[in-house]
Amino acid sequence: MKKSYTALATMLLVASSSVVSFANSNPEQVDKQEVKTENVEVVTPRTTTAIINANNVKLRAKPSTSGTVVKTLSKGTMVHHTGTIRYANGYYWYSVTHGGKNGWVAGNYLSFK
């Protein structure tokens, strides 16, 4: 069931430029989503592991190419996606944590297990 909500979230990200915020993947709460028009945000209730797939990937303080660089990550580094995805500056940004630091990485630099 969780995979179907992940697929739904992905379709919403691709199909819309609206903000969609899910409290969790509970079907009863999908009807209570908040929709705005600035960008897309999807929140899932679990942490997943991802691998950085390029060198010198920037972990940023906010989901934007102008966000302050918190840390630079090397190819092969394991990070934990903490559940939020936002669309900004032409990228899908994933909230991640690594080595006690929280931030955002553009999705094209992540490979999920």
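A quick note: this is a predicted structure, and the numbers were derived from the prediction, not measured. Every residue gets a number counted from 1 within its own chain, in the order that chain's sequence is written. For this predicted model, a pLDDT threshold of at least 70 governs which residues receive local features, and a threshold of 80 or more governs which side-chain atom pairs are given and counted, while totals over whole chains, interfaces and linings are taken from all residues. Working from all heavy atoms in the structure, the side-chain values ignore hydrogens and water.

Peer 1: Explain the overall build of the protein to me, please; I cannot follow it from the model alone.
Peer 2: Note on conventions: DSSP H or I runs of at least 4 residues are helices, E runs of at least 2 residues are strands, and numbering of each starts at the N terminus. A count of helices and strands for the protein gives two helices and ten strands. Put simply, the protein has 113 residues, and 36% of those count as buried. Sequence-distant contacts, at least 24 apart, represent 44% of the contacts inside the protein between residues at least 6 apart. As displayed, the protein offers around 6,600 Å² of accessible surface, 50% of which is attributable to carbon and sulfur atoms. Any residue under 20% of the maximum accessible area for its type is buried, any over 50% is exposed, and the rest in between are partly exposed; the area is computed with a 1.4 Å probe on protein chains only. Throughout, a contact is declared for two residues whenever any of their heavy atoms are within 4.5 Å. Here the open area of atoms and residues is found with the Shrake-Rupley method and a 1.4 Å probe, where only the protein chains shown may cover a residue.

Peer 1: Can you help me understand the side chain of Arg60 in this one?
Peer 2: Within the secondary structure, Arg60 sits in strand E5 (residues 57–60). Distance and chemistry together define a polar contact, namely a pair of N or O atoms within 3.5 Å, with one atom able to donate a hydrogen and the other to accept it when in protein, and with adjacent residues in sequence counting only for side-chain atoms on both sides. Of note is the side chain of Arg60, whose polar atom sits 3.2 Å from the backbone oxygen of Thr65. Those residues in contact with Arg60, other than ones at most four positions away along the chain, are Thr65, Ser66, Gly67, Thr68, Val69, Val70, Trp93, Gly103 and Trp104.

Peer 1: Where do I start with the packing of aromatic side chains in this structure?
Peer 2: Within a pair of aromatic rings, the relevant descriptors are the distance that separates the centres and the angle that separates the planes. A pair of Phe, Tyr and Trp rings is counted when the ring centres sit within 6.5 Å of each other, with Trp represented by its six-membered ring. The angle between the planes then sorts it: under 30 degrees is stacked, over 60 is edge-to-face, the rest tilted. Applying the stated rule across the entire model yields three aromatic pairs. Their ring planes at 65 degrees and their centres at 5.7 Å tell us that Tyr91 and Trp93 sit as a pair that is edge-to-face. Under the relative-accessibility criterion, Tyr91 is labelled partly exposed at 26%. Ring geometry for Tyr94 and Phe112: centres 5.4 Å apart, planes at 45 degrees, overall tilted. Separated by 18 residues along the polypeptide, Tyr94 in strand E8 (residues 91–98) and Phe112 in strand E10 (residues 110–112) bring together distant segments of the chain. You can call Tyr94 buried: its relative accessible area is 17%. You can call Phe112 partly exposed: its relative accessible area is 39%.

Peer 1: Before we go on, may I ask you to explain the nonpolar core in this structure?
Peer 2: Most often, soluble globular proteins have nonpolar side chains that are buried together. The definition of a nonpolar core used throughout is a set of buried Ala, Val, Leu, Ile, Met, Phe, Trp, Tyr and Cys residues joined through side-chain atoms within 4.5 Å. With eleven residues, the main nonpolar core is built from Ala50, Ile52, Val57, Leu59, Leu73, Val79, Ile85, Tyr94, Val96, Val105 and Leu110. Those elements that provide at least two residues to this core are strand E4 (48–52), E5, strand E7 (78–88) and E8.

Peer 1: Looking at this structure, I do not really get the pairing of E8. What am I missing?
Peer 2: Taken residue by residue, a regular strand's side chains alternate between the two faces of the sheet. Following DSSP output, two strands are said to pair if at least two bridges run between them. Sheet analysis places E7 next to E8, joined by six bridges and oriented antiparallel. Counted as the bridge partner of Tyr87 is Tyr92 from E8. The turn linking E7 back onto E8 is made up of two residues, and Asn89 within it adopts a positive phi angle of 55 degrees. Here six bridges tie E8 to strand E9 (residues 101–106), and the two strands are oriented antiparallel to one another. Residue pairing in the sheet places Ser95 in a bridge with Trp104 of E9. Counting the residues between successive antiparallel strands, the hairpin from E8 to E9 contains two residues, one of them, Gly99, with a positive phi of roughly 55 degrees.

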